[in-house]
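# Descriptive analysis of the structure
In case you want the letters, here they are:
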Amino acid sequence: MATFLYRIGRGAFRRRWLVALLWAVILGTAGAGAAMAPAAGDDGTSFMPGIEAQRAFDLIGERFPGSDANGADARIVFIAPDGEKVTAAGHRAAIDAFVAAADDGPQVASAVSPFTANAVSEDASTAYATVTYEVSSGDLSDAGRTTLEEAVDEARASGLTVEAGGSALSSQPAAGGAAEAIGIGLAAVVLLITFGSLAAAGLPLLTAVVGVGISMGAILALGSALGLSMTTGTLASMLGLAVGIDYALFVVSRYREERENGHEPREAAGLAVGTAGSAVVFAGLTVVIALAGLSVVGVPMLTKMGLSAAGAVVVGVLVALTLVPALLGMWPNAVLSRKARKRGGAAARRVDGAGNGGSRWARFVLRRPVTVLLACVAGLGVLALPVTDLQLGMPGAEAKPVSTTERRAYDALAEGFGPGFNGPLTVVADVRGASDPEKAAATVADAIRDTDGVVSVSPPRFNAEGDTALFSAVPATAPNDERTKDLVQTIRAERPGLEGDTGATFEVTGSTAMNIDVAQALQDALVPYLSVIVVLSLLLLMLVFRSVLVPVKAAVGFLLSVLASLGAVVAVFQWGWGAGVLGVEQTGPIMSLMPIFLVGIVFGLAMDYEVFLVSRMREAYVHGERPAQAVVSGFRHSARVVAAAAVIMIAVFSGFVGSGESMIKTIGFGLAVAVLFDAFVVRMAFVPAVLALLGDKAWWLPRRLERLLPRVDVEGTGLTGRTTPLGGDHHAQEPVRV
């Protein structure tokens, strides 16, 4: 592996203009494809096949072909001024005018007046009209939205307070730009402080932007064909930018080190790609495994997000291995420190015992391994405690800022009609097996109406064939309330008895039931998913480190950091600790996709730092250093760069906390704190403490397994002696004092 990558690095350095041109062509092709591609729409696939809510949703689309189950809708809420009623003549006329104007809009299936649908609150202070469309929200034309917006403005001009909920006028977060710009700006500051050189700081940023540009261009170009959403692109850009900067950072850092060891530029580029590049490849593979493993969960959207992000990581790895050495070939001395440039590349090497901050910290841990280990486990364990109260759900309009009309419409409906009105349950009854379909449907509806926790049930509505009935049940509690979840399970538990009495069966769906079923399915899938990625990654790390205990230690450290980060997410987004600072206006259940997605990404990133840091320890160990000395050498060479890489990732992820989309905000925060815990607690303290206690046993591998595992030479032993530095000893050791 090291020899192969060494040749790639030297080749890219020598043919630098050709390599740069090829990447420019790829970037231009991706950009042109994105510009010419149609906008991504609904791919029509089920959100999560196999769950009851999805089966019922699909059945509605099949049995009621006249109404698109995926069709856009708008719920327009009218609120009378204080002391007045919406039934007053003037207000009623304004509402009727709105309904007539909305009904004449393009792509509208129906516009129902609140006065004909009994959609007026008991005190007549609030009413709502429902507008449904023949197409999904993604396919709704600008003319259709404009007509509805103009009708809303006319109603507001009459003196009514009018708010709009539903998918037709749902506000979308701004696409790209701000979060990435914030992350790049902070990353530039960190790189400049780390390297002390504008060129060295700018090169990783430039190559990362190229990689993200290619990835985003490909996603936008394929978005319509593959059903890739803006959320998919945002997450791919988030990870692509973070790992792209980090991977280039490690190659540039190793190049500077090899130049300071006395190697000429082309040789230094080859050695940098052969050694640091090997770590980049295997670190990238662990991230790809974790992201691609999301496909085993069974959620098509999650699969697309994972594979798209994995593709962005692959592009980042290829850029680091080829474009970075090519750019180093164009400006071989620009990335060096000022002192090294004055010496023509070589720098005086310190061989005294003082070392740098990384080696001094390593010695501190080696002197107190038990204390440090216990402090890490106890601290992360306390932070993980909130996980025991984790509640999963799918935030809706209630999680939006109060500045949005969707949130105000949600609050108005909850106040006028009850908290459960925003999350009605949709019940579809299959009465083909009933002798009297209408009586069977009425019996099912009456049984659900009599269930504790149900406020009202609408009259059954039959399809054209008369074999399927549809009605809605309004719970007494809010959509994300645990009592609503219990209610759904209670209604479904009544099914066997009703089926025996009537010959009809039914299923419960709607957004509330869908969220409940998805949360449960994802919770059930978490353990199998963890098992897949942990086993695959343990095998990969065993191949890299030629050890059994080092991969196990890496997995244990990952569990500590991911549980602590999930605990922090629960504390902020569910309990509300510091929520105001992050712009979280409404706390509640954690988005059901969040834990499994966080686990996948954090696992990949945790293994990134494990490979980068421990591979330098492995390299020192196989070159003859004692275990304790190898730990110090690894920290001396890698600690500062790993810390800088972690700060960059934290900066990039923190930029997404300002997103207006709840999913991106939560994931951005979760990833930022996860990197903080994993890089600065687990990898910088837990890892050296465990290695200090294990000693030589850390690198033990059974002989039979040793013969079975192929050698990949990540530590670069195949490169030893290939060239001789112009000055200095490449393996000069720093004495360790423990």
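Residues numbered from 1 in each chain as written. Predicted model: local features only at pLDDT ≥ 70, side-chain atom pairs only at ≥ 80, totals over all residues. Heavy atoms only, no water.

As a further point, take the confidence of the model for the chain. The share of residues in the chain with pLDDT of 70 or more is 90%, and the mean pLDDT across the chain is 85. The least confident element of the chain, judged by mean pLDDT, is helix α11 (residues 338–342) at 70; the most confident is helix α13 (residues 369–384) at 96. Every residue in residues 347–354 is under pLDDT 50, and counting partners more than four places away or in other chains gives 22 contacts. Across residues 726–738, where pLDDT falls below 50, the model places 43 contacts with residues more than four positions away in sequence or in other chains. (pLDDT = per-residue confidence, 0-100. Helix = DSSP H or I, 4+ residues; strand = E, 2+ residues; numbered from the N terminus. Contact = heavy atoms within 4.5 Å.)

Since one α-helical turn is 3.6 residues long, residues separated by three or four positions face the same way. Between its terminal C-alpha atoms helix α2 (residues 16–36) stretches 30 Å, which fits the 30 Å expected from 21 residues at 1.5 Å a residue. Residues of α2 that are buried include every one of Val 19, Ala 20, Trp 23 and Ala 30, and no others. Taken end-on, α2 shows its buried residues confined to a sector of 100°, consistent with a single buried face. In α2, the exposed residues that point more than 90 degrees away from the buried face are Trp 17, Leu 21, Thr 29, Ala 35 and Met 36. (Expected span 1.5 Å × (residues − 1). Buried < 20%, exposed > 50% of the residue type's maximum accessible area, 1.4 Å probe, protein only. Arc of directions from axis to C-beta.)

A word on the pairing of strand β9 (residues 468–475). β9 sits mainly inside the fold: seven of its eight residues count as buried. Note: strand β6 (residues 425–430) against β9, six bridges, orientation antiparallel. The residue of β9 that forms the bridge with Val 427 is Phe 471. Across two bridges, the pairing between strand β8 (residues 461–462) and β9 is antiparallel. If you follow Arg 461 over to β9, its bridge partner there is Leu 470. Counted between consecutive antiparallel strands, the loop separating β8 from β9 contains five residues, among which Gly 466 sits at a positive phi close to 75°. (Pairing = 2+ DSSP bridges.)

This part takes up the pattern of salt bridges. Summed over the entire model, instances satisfying the criterion amount to 20 salt bridges. Its salt-bridge partner being Arg 254, residue Glu 258 comes within 3.0 Å of it at the nearest N-O pair. Placement of the pair is Glu 258 and Arg 254 together in helix α8 (residues 230–260), with a separation of four residues, close to one helical turn. This pair shows no difference in class: Glu 258 is buried, exactly as Arg 254 is. One salt bridge in this structure joins Glu 610 and Arg 683, with 2.6 Å as the shortest N-O distance. (Salt bridge = Lys/Arg side-chain N within 4 Å of Asp/Glu carboxyl O.)

Within the largest apolar cluster, 191 residues are counted, with the highest numbers of intra-cluster contacts made by Tyr 247, Leu 291, Leu 302, Ile 448, Phe 506 and Phe 653. For this core, the element with the highest residue contribution is helix α22 (residues 662–694), accounting for 19 residues. Setting aside anything within four residues of it in sequence, one finds Phe 653 in contact with Met 238, Leu 239, Ala 242, Leu 605, Gly 668, Leu 671, Ala 672 and Val 675. (Core = buried A, V, L, I, M, F, W, Y, C linked by side-chain atoms within 4.5 Å.)

Moving on to helix α16 (residues 482–493). End to end, α16 covers 17 Å across 12 residues, agreeing with the expected 16 Å (1.5 Å per residue, within 8%). Burial in α16 covers these residues: Thr 484, Leu 487, Val 488, Ile 491 and Arg 492. Axial view of α16: buried residues confined to an arc of 130°, hence all on one face. With respect to the buried face of α16, the exposed residues turned more than 90 degrees away are Arg 483 and Ala 493. In this structure Asp 481 caps α16, since a side-chain oxygen of it lies 2.8 Å from the backbone nitrogen of Arg 483. (Polar contact = N/O pair within 3.5 Å; in protein donor to acceptor, adjacent residues only side chain to side chain.)

What follows concerns the environment of Thr 512. Mapped onto the secondary structure, Thr 512 falls in helix α18 (residues 511–545). Between the C-alpha atoms of Thr 512 and Met 394, which are 118 residues apart in sequence, the distance is 8.5 Å. Ignoring any residue separated from it by four or fewer positions in sequence, one finds Thr 512 in contact with Gly 423, Pro 424, Leu 425, Pro 479 and Thr 484.

A few words now on the packing of helix α21 (residues 627–655) against α22. Geometrically, a packed helix pair is captured by the angle between its two axes and the distance between the axes. With their axes 8 Å apart at the nearest point, α21 and α22 run at an angle of 170° to one another. Taken together, the axis directions place α21 and α22 in an arrangement best described as roughly antiparallel. Between α21 and α22, the residues in contact are Val 631, Phe 635, Ala 639, Val 642, Ala 643, Ala 646, Val 647, Met 649, Ile 650, Phe 653 and Ser 654 and Gly 668, Leu 671, Ala 672, Val 675, Leu 676, Ala 679, Phe 680, Arg 683, Met 684, Pro 688 and Leu 691, respectively. In the contact of α21 with α22, the residues fall into 19 nonpolar, two polar and one charged. (Axes fitted to C-alpha atoms, helices over the stretch in contact; angles between N-to-C directions. Parallel < 35°, antiparallel > 145°, perpendicular 65-115°, else oblique. Nonpolar A, V, L, I, M, F, W, Y, C, P; charged D, E, K, R; others polar.)

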